[in-house]
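# Structural description and commentary
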Amino acid sequence: MSEQTENPLRQLPSVDRLLNDMGAGDLLTSYGHEAVRDALRVALDAARQWIRQGGNAPGVDELLAAAGSLLRVRQTPSLRPVINATGVILHTNLGRAPLCESAQQAMLAVAAGYSTLEYELEAGERGKRESHIESLITAITGAEAATVVNNNAAAVLLILTALAQHREVVISRGQLVEIGGGFRIPDVLAQSGARLVEVGTTNRTRLDDFAQAIGPQTALLMRAHASNFKQIGFVEQPTLRELASLAHGRGLHLIEDLGSGALLDTAAYGLEHEPMPQESVRAGIDLVAFSGDKLLGGPQAGIIAGRGELVERLKRHPLARAVRIDKLNLAALVATLDHYRRGDAVEHVPVWQMIALHPEAIRARAESWAMQIGGDVTTSESTIGGGSLPGETLPTFVLALDVPRPDEFAAQLRRQANPVIARIVHRRVLLDPRTVLPGQDNALLQSVSAALSEASH
Ligand SMILES: *Cc1c(COP(=O)(O)O)cnc(C)c1O
């Protein structure tokens, strides 16, 4: 740097000079005149501040580089793919369930053009969007009828609004739960206009507590799956079958918010048994509601299965229109459910592929990562997440990286072009292959190597 004699602010080029500079050519082709002009202004403002604080005037190349990185950041959408190396299979913040191949294709086909969303090809007239999915759900769950809405929160709200507004809903105190993301059973009940009647105690509710609470204003008995927490010890709840026969004996209906909607038995994979919609239907439930994007492994959706006459009332209620499912999610849900109907969900639905992965296969993948980028392969635990099966884990192998500042390194990983989300345990950065999709290995290794070389500088 030479000695500056004149005011260094005067050494800064004008926006126009920068725009006409040869070096701006690439930026102009990529981002257009307006965006580049604006970015150059921001870069010059920053340079002026820097100079006023005693810094040296940056050169033309530096100014163009600053504008270029600003344009890159501005152009990157904030909603974009990441690599989930946390080992949490249903990571709600990372979008819950990744979709199976056929669901992706079905979405694309419907997105790209017109479709039979509400159209009967045979008759050439208006059809119903539920027609594409109802028979699939009834075939899988054994229910008489079914419908689908935007998500499970909407499903529960619709059921309570359509069947219990201005009337009473009896529910056990132990099930007045908060699921996360602000979904609290008592709040949803209040929103629907139904009145909550709590029975039993936090840990124990008996069938007789329900029986005593039934009165002329009672519309429904309700069950909610505690999803994201576990009660152990001195606990008691009546079975679904007992509740159903109590409800039906008194001319009432029993409804259930089941949460996850596991259509396969989690116990077959070394996990605790997660209640299944099919079991609720067999036990005599009148309506059961569950999520499309938790253990079902499909898109965001709320599925309601149960008695025909009640499902009809839901479909006709004005709120149904406000919470209806969109065509893309409907297409993806049909394609996902089709794997369950055919009996090959474990082979095709990513959530179940991940649950069913053999630890040795995971170890082999972690070892191949270690060969390429270093680190140790050690045992660890993957979890289900998404408010399902709390405390339950799957044995796994992870690549463990020892770095001087694990938090900073994890942040570096998140800053890569292919952001990687890792887990830190005992000051080591862990990468769990279970939740890294097949085909993401190279991108993951690239991001990790880049972060490692940045960390060593
Ligand atoms: C997750 C969950 C919900 C909310 O489902 P969304 O599909 O996320 O709307 C409601 N009830 C229970 C019991 C849940 O576990």
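Residues numbered from 1 in each chain as written. Predicted model: local features only at pLDDT ≥ 70, side-chain atom pairs only at ≥ 80, totals over all residues. Heavy atoms only, no water.

The helix and strand tally for the protein chain stands at 19 helices and 16 strands. In terms of overall dimensions, the protein chain has C-alpha extents of about 95 × 55 × 45 Å along its principal axes. Within the span of the protein chain, comprising 457 residues, buried residues form 48% of the whole. Put simply, the protein chain shows about 22400 Å² of open surface, and 50% of that area lies on carbon and sulfur atoms. Taken together, the 43 basic and 51 acidic charged side chains of the protein chain have centroids lying 4 Å from each other. (Helix = DSSP H or I, 4+ residues; strand = E, 2+ residues; numbered from the N terminus. Buried < 20%, exposed > 50% of the residue type's maximum accessible area, 1.4 Å probe, protein only. Areas by Shrake-Rupley, 256 points an atom, 1.4 Å probe, with all protein chains shown as cover. Lys, Arg positive; Asp, Glu negative; His and termini not counted. Charge placed at Lys NZ, Arg CZ, Asp CG, Glu CD.)

Let us now look at the pattern of salt bridges. Applying the stated criterion across every chain yields a total of 27 salt bridges. Between R206 and E236 there is a salt bridge; the shortest N-O distance is 3.9 Å. With R206 in the loop between β7 (195–199) and α9 (207–213) and E236 in the loop between β8 (218–224) and α10 (240–249), this pair connects stretches of sequence that are 30 residues apart. A relative accessible area of 27% places E236 in the partly exposed class. Residues K230 and E392 are paired through a salt bridge, measuring 3.7 Å at the closest nitrogen-oxygen approach. Separated by 162 residues along the polypeptide, K230 in the loop between β8 and α10 and E392 in strand β13 (residues 388–401) bring together distant segments of the chain. Its relative accessible area of 41% is what places K230 among the partly exposed residues. (Salt bridge = Lys/Arg side-chain N within 4 Å of Asp/Glu carboxyl O.)

As a further point, take the packing of helix α5 (residues 101–111) against helix α14 (residues 327–342). Their axes nearest at 8 Å, the elements α5 and α14 cross at an angle of 150°. Comparing the axis directions of α5 and α14 gives the class roughly antiparallel. Where α5 crosses over α14, the two elements pack in a sense that is right-handed. Only K327, L328, N329, A331, A332, A335, T336 and H339 of α14 make contact with α5, whose side of the interface consists of S102, A103, A106, M107, V110 and A111. Split by residue class, the contact of α5 with α14 holds nine nonpolar, four polar and one charged. (Axes fitted to C-alpha atoms, helices over the stretch in contact; angles between N-to-C directions. Parallel < 35°, antiparallel > 145°, perpendicular 65-115°, else oblique. Left-handed = near helix turned anticlockwise from the far one by under 90°. Contact = heavy atoms within 4.5 Å. Nonpolar A, V, L, I, M, F, W, Y, C, P; charged D, E, K, R; others polar.)

So, on to the domain arrangement of the protein chain. Taken domain by domain, the protein chain consists of domain 1 (3–75), domain 2 (83–92 + 351–456) and domain 3 (101–344). A C-alpha centroid distance of 57 Å is found between domain 1 and domain 3. (Domains from an automatic or database assignment.)

Okay, the environment of L445 next. Inspection of the secondary structure assignment puts L445 in helix α19 (residues 441–455). Spatially, the C-alpha atom of L445 lies 58 Å from that of H166, the residues being 279 residues apart in sequence. Filtering out sequence-adjacent residues up to four positions away, L445 remains in contact with W369, Q372 and I373.

Taken together, R96, N151, N152, A153, I179, F183, H225, S227, D257, G259, S291 and K294 are the residues near the ligand. Separating an oxygen atom of the ligand from a backbone N or O atom of N152 is a distance of 3.0 Å. Contact with the protein chains hides 94% of the accessible area of the ligand, taken as 380 Å² for the molecule alone. Broken down by secondary-structure element, the contributors of at least two residues to the shell around the ligand are α7 (152–164) and β9 (253–259). Per-class residue counts for the shell around the ligand are three nonpolar, six polar and three charged. (Near = heavy atom within 4 Å. Polar contact = N/O pair within 3.5 Å; in protein donor to acceptor, adjacent residues only side chain to side chain.)

To continue, consider the sheet that holds strand β12 (residues 376–385). Taken in spatial order, the five strands make up an open sheet running β2-β12-β13-β16-β15, and their pairing is mixed. At either margin of the open sheet sits one strand with a lone partner, and together these are β2 (88–90) and β15 (423–425). Each strand of the sheet is rotated relative to its neighbour by a mean of 40°, with strand direction disregarded. Where β12 and β13 come together, nine bridges link them in antiparallel fashion. Paired with T379 across the two strands is F397, which belongs to β13. Helix α18 (residues 406–414) rests against β13, β15 and β16 (428–431) of the sheet, and its axis sits at about 35° to β16. (Pairing = 2+ DSSP bridges.)

The topology assignment puts D432 in the loop between β16 and α19. One buried charge, D432, has no salt-bridge partner; the nearest side chain with opposite charge is R423, at 4.7 Å. At a separation of 2.8 Å, a polar atom in the side chain of D432 contacts the side chain of S382. Aside from chain neighbours lying at most four places away, what touches D432 is N84, A85, T86, G87, I362, W369, E381, S382, T396, F397 and V398.

Let us look at the packing of helix α17 (residues 359–373) against α19. The contact between α17 and α19 brings their axes to 11 Å, and the two run at 40°. On the basis of their axis angle, the class for α17 and α19 is oblique. In this structure, the crossing between α17 and α19 has a hand that is right-handed. For the pair α17 and α19, contact is made by R365, W369, Q372 and I373 and by D441, L444, L445, V448, S449 and L452, respectively.

This next bit is on the packing of aromatic side chains. If you walk through the whole model with that rule in mind, you get one aromatic pair. Over the face of the ring belonging to F234 we find R204, whose NZ or CZ atom lies 3.7 Å from the ring centre. (Phe/Tyr/Trp six-rings, centres within 6.5 Å; stacked < 30°, edge-to-face > 60°. Lys NZ or Arg CZ within 6 Å of the ring centre and 35° of its normal.)

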